[in-house]
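Geometric and topological summary
Letter by letter, the chains look like this.
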Amino acid sequence: MKKRVLSLLLAVLIVLALVPPAEVRAAEIVQEGKCGNNAAFTLDSNGVLTISGMGAIYSYAFEPERDKPYCGDIQHVVIQSGITEIGTCSFYNCENISSVTLPNTLTKIGFNSFYGCTALANLSIPKGIVEISDYAFGNTGLTKVSLANPNTILNGGIFSGC
């Protein structure tokens, strides 16, 4: 009986060894460009927008009404170390953004930056943030926010409509 079980197990292992593994594809870059004087972005096929470089992100950088048709494709925003400011309305009405990763180098989140990002439910704001401007996260889906710096200036209506 033991030999039969062992033979069956060996046969299954041999068959599995002959089947090629499922092809794993890396995400492809679908859009790239400049989003600040010294900042650039890539958007991949998984909906991950990665912003790198130094300094501020332009105001209206990804806002859909400013000829940014890929705004609806953005699901996750990863802002890398070196970026210091998110400009006015940068992600305004990019409603499919469900996660945002902010670096410690970020000091300011501008007016209406993430306004209307209705899929965004959780957010961790790093201690480097000195100021969050009016309505920065208005009309989002935020239900949980973690603020690392208790001295951050919180302007009017930053979470209105949440």
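Criteria and cut-off values
- Starting afresh in each chain, residues are numbered from 1 along the sequence in its written order.
- Two thresholds apply to this predicted model, a pLDDT of at least 70 for residue-level local features and 80 or more for giving and counting side-chain atom pairs, whereas whole-chain, interface and lining totals are computed over all residues.
- Side-chain measures here rest on the full set of heavy atoms in the structure, leaving out hydrogens and waters.
- Secondary structure is summarised from DSSP: a helix means a run of H or I of at least four residues, a strand means a run of E of at least two, and numbering begins at the N terminus for each.
- The buried label applies to any residue whose accessible area, calculated with a 1.4 Å probe on protein chains only, is under 20% of its type's maximum; exposed applies above 50%, and partly exposed to all values in between.
- The contact criterion used throughout is that any non-hydrogen atoms of two residues lie within 4.5 Å.
- Residue burial considers only the protein chains on display, and all accessible areas are found by Shrake-Rupley using a 1.4 Å probe.
- Counting rule for disulfides: a pair of cysteine sulfur atoms within 2.5 Å.
- Definition of nonpolar core: a set of buried residues of the types Ala, Val, Leu, Ile, Met, Phe, Trp, Tyr and Cys, connected through side-chain atoms within 4.5 Å.
- Polar contact is defined as a pair of N or O atoms within 3.5 Å, subject to the rule that within protein one atom must be able to donate a hydrogen and the other to accept it, and that residues adjacent in sequence are counted only when both atoms are side-chain atoms.
- One bridge is not enough; two strands pair if DSSP finds at least two bridges between them.
- Helix axes use the C-alpha atoms of the stretch in contact, all axes being lines fitted to C-alpha atoms, and the angles between their N-to-C directions lie in the range 0 to 180 degrees.

Points about the overall build of the protein
The helix and strand tally for the protein stands at 1 helix and 12 strands. Taking all 162 residues of the protein together, 34% fall into the buried category. In the protein, the proportion of contacts linking residues at least 24 apart, taken out of those at least 6 apart, comes to 33%. Accessible surface for the protein amounts to roughly 9300 Å². Of this, 55% is attributable to carbon and sulfur atoms.

A word on the state of the cysteines
Applying the stated criterion across every chain yields a total of 1 disulfide. Put simply, Cys71 and Cys94 are joined by a disulfide, and their sulfur atoms are 2.1 Å apart. Disulfide Cys71-Cys94: the torsion about the S-S bond is -135 degrees, which places it as left-handed. In this pair, Cys71 sits in the loop between strand S4 (55-57) and strand S5 (76-79) while Cys94 sits in the loop between strand S6 (83-86) and strand S7 (99-101), placing the two residues 23 residues apart along the sequence. Since its relative accessible area comes to 2%, Cys71 is described here as buried. Between Cys117, a free cysteine, and Cys94, which holds the nearest cysteine sulfur, the sulfur-to-sulfur gap is 5.6 Å.

Let's talk about the nonpolar core
In this structure, Ile51, Phe62, Phe91 and Ile109 are the most contacted members of the largest nonpolar core, which totals 34 residues. Breaking this core down by element, the ones donating at least two residues are strand S2 (39-44), strand S3 (48-53), S5, S6 and strand S9 (122-125). For this core, the element with the highest residue contribution is S2, accounting for 3 residues. If we skip the residues at most four places from it in the chain, Ile51 touches Cys35, Ala40, Phe41, Ile57, Phe62, Val78, Ile79, Gln80, Ile83 and Phe91.

Considerations on the environment of Ser59
In this structure, Ser59 sits in the loop between S4 and S5. Separated by 54 residues in the primary sequence, Ser59 and Ser113 have C-alpha atoms spaced 8.2 Å apart. Other than its neighbours up to four places away in sequence, Ser59 contacts Gly87, Thr88 and Ser90. At 3.1 Å, the side chain of Ser59 and the backbone nitrogen of Thr88 are in polar contact.

Section: the environment of Ile86
Mapped onto the fold, Ile86 is located in strand S6. A relative accessible area of 0% places Ile86 in the buried class. Taking C-alpha positions, Ile86 is 4.9 Å from Ile109, a pair spaced 23 residues apart along the chain. In contact with Ile86, other than residues within four places in its own chain, are Ile57, Ile79, Phe91, Leu102, Leu106, Lys108, Ile109, Gly110, Ser113 and Phe114.

A few points about the pairing of S2
Bridge analysis of strand S1 (residues 29-36) against S2 gives 6 bridges, and the strand direction is antiparallel. Bridge pairing in S2 links Lys34 to Ala40. In textbook terms, the turn of a hairpin is the stretch between consecutive antiparallel strands, and for S1 and S2 this stretch comprises 2 residues. One ladder, built from 5 bridges, connects S2 with S3; its direction is antiparallel.

Quick look at the sheet that holds S1
If you walk across this open sheet you meet the 5 strands as S1-S2-S3-S5-S7, and the pairing is mixed. The open sheet has two edge strands with one neighbour each: S1 and S7. With strand direction ignored, the average angle separating the axes of adjacent strands in the sheet is 15 degrees. Alignment of S5 against S7, held across 3 bridges, turns out to be parallel. Bridge pairing in S7 links His76 to Ser99.

The values are spatial; any link to function lies outside them.
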